[in-house]
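Chain and residue survey
Below are the chains, spelled out letter by letter.
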Amino acid sequence: MTRTAILTPTLTSADAVSNDALAMQRLLRERGHEVEIFAENSNLAGEQIEQTSVALSYLRGPEDVLIYHHSIGWDLGIAIVKTASCRKIIKYHNVTPPEFFDGISEHHQSLCRNGRSQLEEIVDCRPDLYLADSAFNQGDLIAAGSQHQNTFVVPPFNHTDRLQAGQANLEILDQYCDGSVNLLTVGGVRPNKGHAALIDAFATYYYQFNGHARLFIVGAENNAFAAYTTMLRELTDSWSLDSRIVFTGEVSDESLKAYYLLADALLMTSEHEGFCVPLVEAMAMKVPIIAYASTAIQETANETGLIWDDRDPFLMAQSIDCLLTNEPAKMLLLMRGSQRYEQSFSNCAIAKQFLHVTAQAEFRF
Amino acid sequence: MEIEKSDSFGDELDLPKLMDHIRKDAEKRKLNSLKNGASPFFRQLMTQGFDVLQPRSSPRNFPFPDLKLQPELAKREQYQISDLLGFNDEAFVRNAYKIILRREPDDSGFVQYLQHLRSGNYGKIDILRSLRFSAEGRNANVQIKGLGRLTAFRKLYRIPVAGYILRLAVAIVRLPVLVTNHLRLESHTAAQLERVASHINEAVAYFSNANRAQAEAIHELNDMKSALRLQIDSLVSERGKVNHDYNTLKADLFSSLDETNKNTRQQSQLQERHAAELQALKVSLEKQFEDLIERLQSSRMDIAQQDSRLSRLLDGTHKPFPDPVAADQMQPLKSEDDHLLDSLYYSLEVALRGTPEEIREEVKVYLPVLKRAGITSGILDVGCGRGEWLEVLREAGLQARGIDNNRILIQQCKSLSLDVVETEALSYLRSLEDESLNAVTAFHFAEHLALDTLVRFLDEVGRTLKPGGLVILETPNPENLLVGSCNFYLDPTHKNPIPIPTMKLLLEARGFLCQEVMKLHAVSSAKIEVKDQLTSHLNHFLYGPMNYAVVARKA
């Protein structure tokens, strides 16, 4: 029986790559395969994670499978990919361009720079199959030298079904269910997420349309990006909106659900996304989407929201106003989003795509 | 925002159309915010875009990176000599110090070694040896593999002559290696030069970009400055205008306030004066009214007293006298009896007959009758009452006398200087000579007489009138149903109503020729609309003449 090793640098909660890796393991195990996850760091309780040092010894023969999730520079990971003499699948989640970390974190800049250059090293290893989260990522892979015939798009598995089924944090609901318009963005507070544009857009809506509005910035803050978070706090102060913009930090699934339930719209102003899971969550939770089109955002949303090419705060603000006043348009967008979630992004739909793609590439586990 | 229902509720949402609407609305909103923005800062912010204030788009502008032609030396416990030989020039000296002496080079040492190196007097190994085996170097005791072997060998170079020959021999033996090294150095140098050139190119491009961005930023700042200047100018002028308007308005307000105050003062003074006058008038009227009431009261008392005295007096006359009384003695008492009702009748006359003015107007109708008959004197008005007819006659220049047995009425006539006599009609006529009168008039007299008295009266009139003399008798007309049934009896001294034919019959029976019947005083208002004979009759009987007069002539 063949063995499958899933290799990823870090496993954490509320992380798209980790969710993808875990769900992939579950899917393959359900289908009777022997699958282990190997990660250098993990803070997940209840998941059995293997040390990367034993990854190579786990893989015994050429028929075994190594699935490498590439999202950042990781020398050890690349070394394992290069060394392993088995079949290989690269799951490419994209790597944030290092420029975003200029003047913020040299460490992350260097990780990302390595991550970008390592993509070419990976391609040099001639993996058997490339899986890209999006057509945007697929373009990166092909530009790095992968072949069309073994490079496919498979959206990342996600925990949106858990979000749908789980309980919401009632305290948060009670605290903020006060008649205000609640706007939401979800995602780690990282320099590529374009929070400054988000705050500008919210300020425009607040001062030009509705003084009873609130913005939740939901996502973990990282000490490494202190310069970035400080800049956001100062920007918030400069608009005198510190009482209206809530930085929640990292939140539990229950709290995240509460914020989605409260939200009148999800705003996405990120400047670099290989896929953008929060859009999928919004579709599933039936929250209308307003976003600036960048990288993979347009194709993930795909006409389920108001997606703007121009990064203009007035467009963002007017869109919020439109969705709050034009109920029919909002309902139709929500229906589209819900359909798109069911058809393309639910774990069940993604599993089908994953199996379809592997079958198409004649890849047998 | 207006989205037609069909667009939104159709099978498909027209997303581009919806977004087009939003885009237009956003543009409008942006323009409006420029016009009505909370502050010039906000307007400026909106026109220039947020990026003007601070760069937020990525990639960001950061200082151009340094060019590093030689690798960094990692810190380790033990070094190979090849680790250090890889460096050149300054980097070599610096790294040699750092590794062997574990410190940065001092200035003099650095310059000295660099000069030796550049002059070719010292090779890299010489310098390493010198540093490693100096007192400080021995103290630091850093392990550099290969340095010992090479330095031992190199010591042989220092032997005079033999050393030179040895160096020459080594050089000749190593010539192919040196040539290879030389070639490697050449290509390395070329590559380094290439890196330098490309770095310079990048730097030039970077700085020209930075310059351009800076120029654009300065340009935008200047635009912003002029826009702000304009805003400030317009605000200043607006403020001046507002100030001016405010002052004008204030002045207007104060002046109109003054005027209002003045008017109010005048009005209140006027009101006070009016109130005082009214009060005075009221007091005076109240006083007059009280006086009148008092006088009326006392008059009533007088009358009541008189009345009762009179009644007692009259009562006394009806008791049998103890002794025969002479007729002349009784006469005054008798005549008092006749006047018992004078006061009452006077009241009736005033209440029922009409005002003197009205009566005067009414009786003027008989003047033409007298005029036609050519009568200017010898006119006797029987029952002259308040003397209205006598007045009319006097005004018309006709000579007449009135008689009445009511003492009050006669008194009133006398006060008007009319020729009147207080007397009973029949006895007065009897006192006159035959054919001494030209005309006898009696208005509302005949109905007060019993039939026999009326006949006797007519006979006396016939005796005292000259031939052709006229008698005019006016009396209520009972043909008018209201008069016949009711109004006639308003006066309780009336005896019987006399219909026109009766009157004519009586006159003609006593030898008069009825010349004319004058139907008088029809009701002018409140008539039934005439539609047929019935309504015509009704009108006649209800609203027909209330009085009539018969003009008769003595044959």
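Preceding block: the structure.
Note that this is a predicted model, so its numbers are computed, not measured. (Residues numbered from 1 in each chain as written. Chains lettered and ligands numbered in written order. Predicted model: local features only at pLDDT ≥ 70, side-chain atom pairs only at ≥ 80, totals over all residues.)

**Here's the deal with the overall build of chain B**
We count it as follows: Counting from the N terminus, the helices are DSSP H or I runs at least four residues long and the strands are E runs at least two residues long. Throughout, a pair of residues is in contact if the C-beta atoms placed from their backbones lie within 7 Å.
Tallying secondary structure elements over chain B gives 22 helices and nine strands in all. Long-range pairs, those at least 24 residues apart, make up 64% of the contacts in chain B between residues at least 6 apart in sequence.

**What to know about the sheet that holds strand β3 (residues 49-50) of chain A**
Residue and element names in this part refer to chain A. For clarity, the cut-off: Think of it this way: DSSP has to see at least two bridges between two strands before they count as a pair. Under this scheme, a helix contributes an axis fitted over its contacting stretch, all axes are lines through C-alpha atoms, and angles between N-to-C directions fall in the 0 to 180 degree range.
Across the sheet, seven strands lie side by side as β3-β2-β1-β4-β5-β6-β7; this open sheet has parallel pairing. Whereas interior strands pair on both sides, the edge strands pair on one side only; in this sheet they are β3 and β7 (151-153). Pairing of strand β2 (residues 34-42) with β3, which is carried by two bridges, proceeds in the parallel orientation. The residue bridging I37 from the neighbouring strand is I49, located in β3. Where helix α1 (residues 16-30) meets the sheet, it contacts β1 (3-11), β2, β4 (65-70) and β5 (87-92), and its direction lies at approximately 160 degrees from that of β1. In the packing of helix α5 (residues 135-144) onto the sheet, contacts are made with β5, β6 (129-132) and β7, and the angle to β7 comes to roughly 165 degrees.

**Quick word on the pairing of β1 of chain A**
All names here are of chain A. Let me state the cut-off plainly: Here the C-beta atoms are placed from the backbone, and a residue counts as buried if at least 20 other C-beta atoms lie within 10 Å of its own, exposed if 12 or fewer do, and partly exposed otherwise. The handedness rule is simple: strands pointing away from the viewer, and a clockwise path from the first strand over the helix to the second, make the crossover right-handed.
In terms of burial, β1 is a largely internal element, seven of the nine residues being buried. With α1 bridging β1 and the parallel β2, this β-α-β connection has right-handed handedness. Direction of pairing for β1 relative to β4: parallel, over a ladder of four bridges. Bridge assignment links T4 to a residue of β4, and that residue is V65.

**Things to note about the pairing of strand β6 (residues 437-443) of chain B**
Residue and element names in this part refer to chain B. Of all seven residues that make up β6, seven are buried, and the element is covered over most of its length. Two strands pair when backbone bridges link them, and strand β3 (residues 379-382) and β6 are joined in this way by four bridges, in the parallel orientation. Of the residues in β6, the one forming a bridge with I379 is A439. When β6 meets strand β7 (residues 465-476), the two strands line up parallel, connected through six bridges. Residue pairing in the sheet places F443 in a bridge with E474 of β7. Between the parallel elements β6 and β7, the chain passes through helix α19 (residues 451-464) in a crossover that is right-handed.

**Digging into the environment of E40 of chain A**
Residues and elements named next belong to chain A. Its location among the elements puts E40 in strand β2. Taking the C-beta count within 10 Å as the criterion, E40 has 16 such neighbours and is therefore assigned partly exposed. Taking the C-alpha atoms as reference points, E40 and E50, separated by 10 residues in sequence, lie 8.5 Å from one another. Residues in contact with E40, not counting those within four places in the same chain, are P9, T10, T52 and L76.

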